[in-house]
Amino acid sequence: MKFYLISDNTDTLMGMRLAGIEGVLAHESEEVTEQLDKAMKDKDVAVILMTKKLIDLCRDKVYELKLNCPKPLIVEISDRHGGSNVTETIGKYINDAIGLKI
C-alpha cells in the first residue's frame, strides 16, 4: 500500500518525492478530477494526499468520495504556505456528513 499526492505546488511535490511519495501536479478542476479518479482506481494506493487549494477546487467530488468509498483515504495537507485549518475542515466535513455542528 502506498501514498499518492495530488498537488498544485511543485515544492510540495518535490518534498514528497524526497520522502518516497509519488504524485502529480494539477491546477484545473478537470485535471484534479481526472487524477483523483485515476488514483482511486489504483489498488496499491491506500492514501491520497491533496493540497487544500485542490480540495477547495473540487470539494463536492472529494466529499462524495470520502462519504461513499471506504478506500483509499483522502487526506488534506497544507502546502508550503501552511494555509490549512484542519479543525475547521474536520468540523465542516462532519457537519456535511451527518448534520452535526461542532
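See the structure printed just above.
Only a predicted model underlies this, so the values are computations on that prediction, with no experimental measurement involved. (Residues numbered from 1 in each chain as written. Predicted model: local features only at pLDDT ≥ 70, side-chain atom pairs only at ≥ 80, totals over all residues. Heavy atoms only, no water.)

(A) Region of interest: the pattern of salt bridges. Counting across every chain of the model gives six salt bridges. Salt-bridge contacts for Lys-61 lead to Asp-37; the nearest nitrogen and oxygen are separated by 3.0 Å. Here the residue Lys-61 occupies a position in helix 4 (residues 59–68), and Asp-37 occupies one in helix 2 (residues 29–41), the gap between them amounting to 24 residues. Overall, Lys-61 belongs to the partly exposed group, its relative accessible area being 24%. Look at the salt bridges and you will find they share partners, linking Lys-52, Asp-56 and Arg-59 into a network. (Salt bridge = Lys/Arg side-chain N within 4 Å of Asp/Glu carboxyl O. Helix = DSSP H or I, 4+ residues; strand = E, 2+ residues; numbered from the N terminus. Buried < 20%, exposed > 50% of the residue type's maximum accessible area, 1.4 Å probe, protein only.)

(B) Spotlight on unusual backbone geometry. Of the consecutive residues Lys-71 and Pro-72, the connecting peptide bond is found in the cis state with omega at -10°. Note that Pro-72 resides in the loop between helix 4 and strand 4 (73–77).

(C) Molecular detail of the packing of helix 2 against helix 4. In contact at an axis separation of 11 Å, helix 2 and helix 4 are set at 15° when each is read in the N-to-C sense. Classified by the angle their axes make, helix 2 and helix 4 are roughly parallel. For the element pair helix 2 and helix 4, the recorded crossing hand is right-handed. Of the residues in helix 4, those in contact with Thr-33, Leu-36, Asp-37 and Met-40 of helix 2 are Lys-61, Val-62 and Leu-65. Counted by class, the contact of helix 2 with helix 4 contains four nonpolar, one polar and two charged residues. (Axes fitted to C-alpha atoms, helices over the stretch in contact; angles between N-to-C directions. Parallel < 35°, antiparallel > 145°, perpendicular 65-115°, else oblique. Left-handed = near helix turned anticlockwise from the far one by under 90°. Contact = heavy atoms within 4.5 Å. Nonpolar A, V, L, I, M, F, W, Y, C, P; charged D, E, K, R; others polar.)

(D) How the structure looks around the side chain of Asn-9. Within the secondary structure, Asn-9 is located in the loop between strand 1 (2–7) and helix 1 (10–18). In terms of polar contacts, Asn-9 uses its side chain to reach the backbone amide nitrogen of Asp-11, at 2.8 Å. Engagement of the side chain of Asn-9 in a polar contact is seen with the backbone nitrogen of Thr-12, the distance being 3.0 Å. (Polar contact = N/O pair within 3.5 Å; in protein donor to acceptor, adjacent residues only side chain to side chain.)

(E) Highlighting the sheet that holds strand 4. Pairing within the open sheet is parallel, and its four strands lie in the order 2-1-3-4. Strands at the two margins of the open sheet, each flanked by one partner only, are strand 2 (22–25) and strand 4. Looking at each pair of strands side by side, their axes are set apart by 20° on average, direction ignored. Pairing of strand 1 with strand 3 (residues 45–51), which is carried by five bridges, proceeds in the parallel orientation. The residue bridging Leu-5 from the neighbouring strand is Leu-49, located in strand 3. Lying over the sheet, helix 1 contacts strand 1, strand 2, strand 3 and strand 4, oriented at roughly 170° with respect to strand 2. (Pairing = 2+ DSSP bridges.)

(F) Quick peek at the pairing of strand 1. In terms of strand pairing, strand 1 meets strand 2 through four bridges, oriented parallel. Paired with Tyr-4 across the two strands is Glu-22, which belongs to strand 2.

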